[in-house]
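# Residue-level structure breakdown
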Amino acid sequence: MAANRTNREDRRRVARIQARRAFDASRTQRRKRDNLFAGAAAAVVLALAVSLQISWFSSNPTAEELALVKEQAASGLPREVPDKSLAEGRTFTGSLALGQGEVGVELDGNAAPQAAAVFKTLADDGYFNGKDCHRLTATEQMGVLQCGSENGDGKADQDFLWGPVENTPEDGFYPAGSIAVARGADGDSHGTQFFIVYKDSVITQETGGYTIMGKVTSGLDVVESIASRGIASGADDGQPNDRVTINSFTLN
C-alpha cells in the first residue's frame, strides 16, 4: 500500500510540474502572436497538458520524471505557489542572518499578501539557508542588495514564477530599509529573489515597479557596511566585494 501511495504522489507531482510548464509555454506564445492565434495556441497546449496528465496518472512515472520531482524537492521550493490567504491580515517578524551580521525584518501581509505568503513559506522551508546575496547596486539614485538566487547567478527558476506586483510606489521612491521582490520584465515573473534598499532610492517604474513586501526593523547598518566595501568589478552594479551568504531567514 505504501509503495502504491508513493507512486500516486509522484505521478501527481510530475503532472503539476509539466502542466505548469505547458501553461508557461502558452503564455509565451500569447505574447509573441496576436490574440486570436494565441488563444487557439493556448487551448491546444492546455488540452495537451490535460491529456498528458491523464496518461501519467494511468502509468508509473518514468525515471526522468522522477528525477525532475527529486530535483525540485532538493531545491527547497514549494511544489505550488502558496496562496495569498496564508498571509492576508498578518504581519511576520523575524531575522535575516547574514555572514556579516543580523538584520531584523518585518513582512506585511496586509500590503503584499501574495509576496508575504511566498517568502514566509520559503523561509519556513529553509530555502534561503546558504544562498548568497549576489548583487549590489550602488548608483547615485539607487542602493540595493539583492539576494535569494538559487545558484547565485541571478537566474530565476522557471518552474516557480508568480505574480502580481503589489504595493509598488507610483513615484518610484523606495525608502531606505524597504524590502522588495525582484522580478523580470513581466508582472508574473517574481520568484525567490528579493532586495534590501540600504539608502533612499528612486527605481524606474517603466515595467510596473517592484513589490514592497516589508521593511528592515534593525541592522540596516549591516547592509550599509556591505555596500561600503564596494563591488568586485569596480563598477556600480555587480557582485559585492565581500561574499554575502544567508545563514538563516526566520519569520514568525
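For the structure itself, look to the data block above.
Heads up: these notes are all about the structure in this document. Keep in mind it's a predicted model, so treat the numbers as computed, not measured. (Residues numbered from 1 in each chain as written. Predicted model: local features only at pLDDT ≥ 70, side-chain atom pairs only at ≥ 80, totals over all residues. Heavy atoms only, no water.)

Examined against the element boundaries, arginine 183 turns out to sit in the loop between β6 (178-181) and β7 (194-199). A polar side-chain atom of arginine 183 sits 3.3 Å from the main-chain carbonyl oxygen of alanine 185. Polar side-chain contacts of arginine 183 include one of 2.7 Å to the backbone oxygen of glycine 209. Not counting residues within four places of it along the chain, the set of residues in contact with arginine 183 comprises Val165, Ser189, His190, Thr207, Gly208, Gly209 and Tyr210. (Helix = DSSP H or I, 4+ residues; strand = E, 2+ residues; numbered from the N terminus. Polar contact = N/O pair within 3.5 Å; in protein donor to acceptor, adjacent residues only side chain to side chain. Contact = heavy atoms within 4.5 Å.)

Now for the state of the cysteines. Scanning the model with the defined rule gives one disulfide in all. Each sulfur in the disulfide pair cysteine 133 and cysteine 147 lies 2.1 Å from the other. With the S-S bond torsion at 95°, the cross-link from cysteine 133 to cysteine 147 turns out right-handed. With cysteine 133 in the loop between α4 (113-124) and β3 (135-138) and cysteine 147 in strand β4 (residues 143-147), the pair connects residues that are 14 residues apart, well separated along the chain. Under the relative-accessibility criterion, cysteine 133 is labelled buried at 2%. Cysteine 147 sits in the buried class, given a relative accessible area of 0%. (Disulfide = S-S within 2.5 Å. Buried < 20%, exposed > 50% of the residue type's maximum accessible area, 1.4 Å probe, protein only.)

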